[in-house]
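Structural overview for review
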Amino acid sequence: MSRILIVEDEARISSFVAKGLKAEGFTPTVVGDGITGLDYALTGEFDLMILDIGLPGLDGFDILARISVERPTLPVIVLTARDSVLDTVTALEGGAADYMSKPFRFGELLARVRLRLRSQGEAAPDDVLESADVRLDLRTRRASAGDREVELSAREFALAEVLMRNRGLVLSREQLLSQVWGYDFDPGSNIVDVYVGYLRKKLGADLVTTVRGVGYRVD
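Right, let's walk through the structure included here.

Definitions and limits used
- Residues numbered from 1 in each chain as written.
- Predicted model: local features only at pLDDT ≥ 70, side-chain atom pairs only at ≥ 80, totals over all residues.
- Heavy atoms only, no water.
- Pairing = 2+ DSSP bridges.
- Helix = DSSP H or I, 4+ residues; strand = E, 2+ residues; numbered from the N terminus.
- Axes fitted to C-alpha atoms, helices over the stretch in contact; angles between N-to-C directions.
- Contact = heavy atoms within 4.5 Å.
- Parallel < 35°, antiparallel > 145°, perpendicular 65-115°, else oblique.
- Nonpolar A, V, L, I, M, F, W, Y, C, P; charged D, E, K, R; others polar.
- Phe/Tyr/Trp six-rings, centres within 6.5 Å; stacked < 30°, edge-to-face > 60°.
- Buried < 20%, exposed > 50% of the residue type's maximum accessible area, 1.4 Å probe, protein only.

Remarks on the sheet that holds strand β1 (residues 3-7)
- Here we have five strands laid out as an open sheet, ordered β2-β1-β3-β4-β5, and parallel in their pairing. Two strands close off the open sheet at either side, each with one partner strand: β2 (27-31) and β5 (98-101). Between one strand axis and the next, the sheet turns through 20° on average, direction left out of account.
- Looking at chain direction, strand β3 (residues 48-51) and strand β4 (residues 76-80) are connected through three bridges and run parallel. Of the residues in β4, the one forming a bridge with L51 is V78.
- The sheet contacts of helix α1 (residues 11-23) involve β1, β2, β3 and β4, and relative to β1 the element is tilted by about 170°.

Written as structure tokens, this is what we have:
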């Protein structure tokens, strides 16, 4: 039975989410401030965290920053009233697995929780992925190209990881959106293309091959 940490200072919302998750067979724990929320998150006792950004004591972005360093495998779904593009990008680049704006539908939140837990429950991956001279260390979340260490954002690392896990296979933009961003973007969004461009600049122009009209592949 998966344990879910809910860090939310609005009692009405946290109670609603906790009751819904409990009815679905999960074990929720509710915390109402950022400092306690971070302490709980770092215990290693939870399988997933639902995190508000505007919290008393410690801001949600600060919590994400600590978690990305100390518990990078803990999936975090940000649930917040802040819905600007800047806030969304900041949360995702800070290590959040997903981002939902308030108001929200519980059914959609539940689907995202299940998706993230299902991903966490897959067989443990090899610690290191390699393709040509590119190397991803999944344990330390470090990347290198040749003898050069490369700094990747959380989203860039996730995209490189998905592509390198599927070496030789062509992945469509829709597949990459689903696996890396975890939710539906505007079908006309070019965010995958933009991030592939980032990877090519940082890890080498030949790492990712474009299969015109289909998607991307790492050989």
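More follows now that the structure is in view.
Considerations on the packing of helix α6 (residues 154-165) against helix α8 (residues 191-203)
- At their nearest, the axes of α6 and α8 sit 10 Å apart, and the two run at 85° to each other. As summarised for this structure, α6 and α8 are arranged roughly perpendicular, according to the angle between their axes. Only Y195, V196, Y198, L199, K202 and L203 of α8 make contact with α6, whose side of the interface consists of R155, E156, L159, A160 and L163.
- The residue inventory of the contact of α6 with α8, partitioned by class, reads eight nonpolar, no polar and three charged.

Points about the packing of aromatic side chains
- Inspection of every chain in the model, using the stated rule, returns three aromatic pairs.
- Between the aromatic rings of F16 and F106, the centroid separation amounts to 5.9 Å while the plane-to-plane angle is 75°, which identifies the pairing as edge-to-face. Pair noted here: F16 is in helix α1 and F106 is in helix α5 (residues 106-120), with a separation of 90 residues, a long-range link.
- Since its relative accessible area comes to 43%, F16 is described here as partly exposed.
- Considering the side-chain rings of Y195 and Y198, the 5.0 Å spacing of their centres and the 65° angle between planes classify their relative orientation as edge-to-face. Taken together, the positions of Y195 and Y198, both in helix α8 and three residues apart, correspond to about one turn of that helix.

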